[in-house]
Amino acid sequence: MSKKVQEFNDYRSKMNEKILASDNKVIKRIFNLDTNAYAEGHLSVKTKELLGLVASAVLRCDDCIAYHLETAYKNGVTKEEMMETMSIATLVGGTIVIPHLRRAVEFWEALEEEV
């Protein structure tokens, strides 16, 4: 696993453990709702991850973009599908999304290094 991807996952796991250890019912429910929302349903997991990627890019959340990129990658999304998805996000979000597009492509390349 590339250093960039490993660092992201390590930090995310460490902080999620700390957050969930606070035993806050609302936070636990939000985390659970998020997990369940991306489960297989009428839409495939792959489609839901690409929808999450668009929303995250438009909202300019780099952590969320990285999470959706990795999950999409693990669910068989191709680079071409990812780029088309990010093109829609850039169209919807405007040119302010371009720096996030750059970091998304960089993170995708780090994911590809794992192969």
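Residues numbered from 1 in each chain as written. Predicted model: local features only at pLDDT ≥ 70, side-chain atom pairs only at ≥ 80, totals over all residues. Heavy atoms only, no water.

Side note on the overall build of the chain
- A tally of regular secondary structure across the chain gives six helices and zero strands.
- The N-to-C order of helical and strand elements in the chain reads α-α-α-α-α-α.
- Since a compact globule built from 115 residues should have a radius of gyration of about 13 Å, the 15 Å found for the chain is in line with a globular shape.
- The C-alpha extent of the chain, read off along each of the three principal axes, is 40 × 35 × 30 Å.
- Evaluated residue by residue, the chain yields a buried proportion of 29% over its 115 residues. (Helix = DSSP H or I, 4+ residues; strand = E, 2+ residues; numbered from the N terminus. Rg over C-alpha atoms; globule rule 2.2 N^0.38 Å. Buried < 20%, exposed > 50% of the residue type's maximum accessible area, 1.4 Å probe, protein only.)

Topic: the nonpolar core
- Formed by 19 residues in total, the largest nonpolar core has its most connected members in Leu 53, Leu 69, Met 82 and Phe 107.
- Elements with a contribution of two residues or more to this core: helix 1 (3-21), helix 3 (45-58), helix 4 (62-74), helix 5 (79-93) and helix 6 (98-112).
- With sequence-adjacent residues up to four places away left out, Leu 69 is seen in contact with Leu 53, Met 82, Ala 104, Phe 107, Trp 108 and Leu 111. (Core = buried A, V, L, I, M, F, W, Y, C linked by side-chain atoms within 4.5 Å. Contact = heavy atoms within 4.5 Å.)

Things to note about the UniProt feature "domain: Carboxymuconolactone decarboxylase-like" (unreviewed entry) in the chain
- Under the UniProt annotation, "domain: Carboxymuconolactone decarboxylase-like" (unreviewed entry) lies at residues 28-106.
- Regarding residues 28-106, the helix share stands at 77% and the strand share at 0%, and the terminal C-alpha atoms are separated by 31 Å. (UniProt positions renumbered as here; feature names shortened; annotations may be inferred.)

Describing the packing of helix 1 against helix 2 (residues 25-37)
- Running from N to C, helix 1 and helix 2 point in directions that differ by 135°, and their axes come no closer than 9 Å. On the basis of the axis angle, helix 1 is oblique to helix 2. Where helix 1 approaches helix 2, its residues Asn 16, Ile 19 and Leu 20 are matched on the opposing element by Ile 27, Lys 28 and Phe 31.
- For the contact of helix 1 with helix 2, the residue count by class is four nonpolar, one polar and one charged. (Axes fitted to C-alpha atoms, helices over the stretch in contact; angles between N-to-C directions. Parallel < 35°, antiparallel > 145°, perpendicular 65-115°, else oblique. Nonpolar A, V, L, I, M, F, W, Y, C, P; charged D, E, K, R; others polar.)

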